[in-house]
Amino acid sequence: MGHTETIDPNKPLEYQTEKSRLNILGFWIFLGAEVALFATLFATYFVLTGRLADGPGPGELFEIKGVLIETFILLTSSFTCGIAIHEMRRGSKKGLMIWFGLTLLLGLGFLYFEIEEFIHYVHEGATIQTSAYWSSFFTLLGTHGAHVSLGIGWMIMILIQVARHGLNTTTTRKAFIISLYWHFLDVVWIFIFTGVYLMGMVM
Amino acid sequence: MAGNNHNKFPWNHVLGFIFSIVLTLLAVWAALYSSLSITAIVWTIVTLALLQAAVQLFMFMHIGEGEGKAQKGTIYFSAFIAVVIVAGSIWVMNAMMHSMM
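Reading guide: rules and limits
- By convention here, each chain's residues receive numbers from 1 onward along its written sequence.
- Chain letters start at A and ligand numbers start at 1, both assigned in the order the entries are written.
- Confidence filtering applies because this is a predicted model: local features only for residues at pLDDT of at least 70, side-chain atom pairs given and counted only at 80 or more, and all residues used for totals across whole chains, interfaces and linings.
- Side-chain measures were taken over the full set of non-hydrogen atoms in the model, leaving aside hydrogen atoms and water.
- UniProt positions are given in the numbering used here, feature names are shortened, and annotations may be inferred rather than shown by experiment.
- Strands are runs of DSSP state E lasting at least two residues, helices are runs of H or I lasting at least four, and both sets are numbered from the N terminus onward.
- Expected helix span is computed as 1.5 Å times (number of residues minus one).
- With a 1.4 Å probe rolled over the protein chains alone, any residue whose accessible area is under 20% of its type maximum counts as buried; one over 50% counts as exposed, and the rest are partly exposed.
- In what follows, a contact means two residues having at least one pair of non-hydrogen atoms within 4.5 Å.
- Counted as salt bridges are all cases of a side-chain nitrogen of Lys or Arg within 4 Å of a carboxyl oxygen of Asp or Glu.
- As a working definition, buried area equals the accessible area (1.4 Å probe) given up by two parts on being put together, with both sides summed.
- Any pair of nitrogen or oxygen atoms within 3.5 Å is treated as a polar contact; in protein, a donor-acceptor pairing is required on top of that, and neighbouring residues in sequence qualify only through side-chain atoms on both sides.

- For chain B, the name recorded in an unreviewed UniProt entry is Quinol oxidase subunit 4, with Pontibacillus marinus BH030004 = DSM 16465 as its organism.
- UniProt annotates chain B under Function (unreviewed entry) with the comment "Catalyzes quinol oxidation with the concomitant reduction of oxygen to water."
- Recorded under Catalytic activity (unreviewed entry), the UniProt text for chain B is reproduced unchanged: "2 a quinol + O2 = 2 a quinone + 2 H2O".

- Per an unreviewed UniProt entry, chain A goes by the name Quinol oxidase subunit 3 and belongs to Pontibacillus marinus BH030004 = DSM 16465.
- UniProt, in its Catalytic activity (unreviewed entry) section for chain A, records the words "2 a quinol + O2 = 2 a quinone + 2 H2O".
- According to its UniProt record, chain A has this under Subcellular location (unreviewed entry): "Cell membrane".

### A look at helix H4 (residues 93–123) of chain A
Each turn of an α-helix holds 3.6 residues, which means side chains three or four residues apart point in the same direction.
Residues and elements named next belong to chain A.
Here is step 1: For H4, with 31 residues, the first-to-last C-alpha span of 45 Å sits near the 45 Å given by 1.5 Å per residue.
Here is step 2: All of the buried residues along H4 are Gly 95, Leu 96, Phe 100, Thr 103, Leu 104, Gly 107, Phe 110, Leu 111, Glu 114, Glu 117, Phe 118 and Tyr 121.
Here is step 3: Packing partners of the buried residues in H4 comprise helix H2 (58–61), helix H3 (64–89), helix H5 (132–165) and helix H6 (169–202).
Here is step 4: Phi turns positive one or two residues past the end of H4, at Gly 125, with a value near 90°.

### A word on the UniProt feature "transmembrane region" (unreviewed entry) in chain B
All names here are of chain B.
Here is step 1: UniProt feature "transmembrane region" (unreviewed entry): in the numbering of this structure it lies at residues 14–33, 40–63 and 75–93.
Here is step 2: Taken end to end, residues 14–33 is 100% helix and 0% strand, and its two terminal C-alpha atoms sit 27 Å from one another.
Here is step 3: Strand forms 0% of residues 75–93 and helix 100%; the C-alpha atoms that close the span are 27 Å apart.

### Description of the UniProt feature "domain: Heme-copper oxidase subunit III family profile" (unreviewed entry) in chain A
Here is step 1: Those places that UniProt annotates as "domain: Heme-copper oxidase subunit III family profile" (unreviewed entry) correspond, in this numbering, to residues 25–201 of chain A.
Here is step 2: The span residues 25–201 of chain A carries 85% helix and 0% strand; its end-to-end C-alpha distance comes to 38 Å.

### Observations concerning the pattern of salt bridges
Here is step 1: Summed over all chains, the structure comprises four salt bridges over all chains.
Here is step 2: Between Glu 14 of chain A and Arg 89 of chain A there is a salt bridge, with the nearest N and O atoms lying 2.7 Å from each other. Linking Glu 14 of chain A in the segment before helix H1 (18–47) with Arg 89 of chain A in helix H3, this pair joins segments that are 75 residues apart in sequence. For the pair shown, Glu 14 of chain A and Arg 89 of chain A are each scored as buried.
Here is step 3: Linking Glu 65 of chain B and Arg 89 of chain A is a salt bridge whose minimum nitrogen-to-oxygen distance equals 2.7 Å. Pair noted here: Glu 65 of chain B is in the loop between helix H2 (38–60) and helix H3 (68–100) and Arg 89 of chain A is in helix H3, and the two residues belong to different chains. Across the pair, Arg 89 of chain A and Glu 65 of chain B agree in class, each one buried.
Here is step 4: Look at the salt bridges and you will find they share partners, linking Glu 14 and Arg 89 of chain A together with Glu 65 of chain B into a network.

### Overview of the interface of chain A and chain B
Here is step 1: Taken residue by residue, the interface counts 49 residues in chain A and 52 residues in chain B.
Here is step 2: When chain A packs against chain B, close to 4200 Å² is buried across both sides, 80% of that on carbon and sulfur atoms.
Here is step 3: Summed over the shared surface of chain A and chain B, the number is two salt bridges.
Here is step 4: For the pair chain A and chain B, the number of links is six residue pairs in polar contact (both at pLDDT 80 or more).
Here is step 5: Elements with a minimum of two residues in the side of chain A that touches chain B: H1, H3 and H6 of chain A.

Structure below.
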């Protein structure tokens, strides 16, 4: 792919080619579309709040402890993912892989606690079929959880590419884009934490 | 651009992480342990969530780098769409509910 652009030492590797810059811009546009997707799920959730069909309500089932564990795991994974990109920009392939590895472990930990929480709700009689409220709850949180699962698979594949090819304009661009995706999942979680859990416990 | 501070300590990330934790704990305190009215709680925790989203965008995601202007424009526009969809749906559905009663 012998591009002839010269390397500009003031820019990180992932911004060196025009194609990379446009790929990254394109990913931001994709994230804009994801914002619209999650907005529709949040709107549905808020409109259906209180539609319990005589089933259990969120105030009875939500527990702040488990929710805070999930929140801090995801927040920390966003931080380790940021450090991974910092290490990548220092030219440290090993640093990138270690911090991405930590991010992956935290992502798996988050999924473990989230699935545990869902199983608990189902045992308490709140399933996706119980009421309009729980349908919208599981759709919103399930879509976020599915994004996290996809992100884990994606990050593993990027790690394999970095391990095999090292840091070049292509692999750094790919690593940077998965980092944007991962931070975005944390942004969505902030709104789930606030709009679903905190408000569910207040109302 | 972040190009010339590659070898420095990642202050931006550490500060962003601390901000995120503090904002999260403030929201928990406001929602569960303060004596604010429900309306005040909702406005407080939504504001804290928006601040925390900004921390992610500017301190972790480097939104201003590369095609920064277009990237920011995209996200501001999608945030506007999100507000229209969420607030608009709540408004329309509540107004309809009231007029049916």
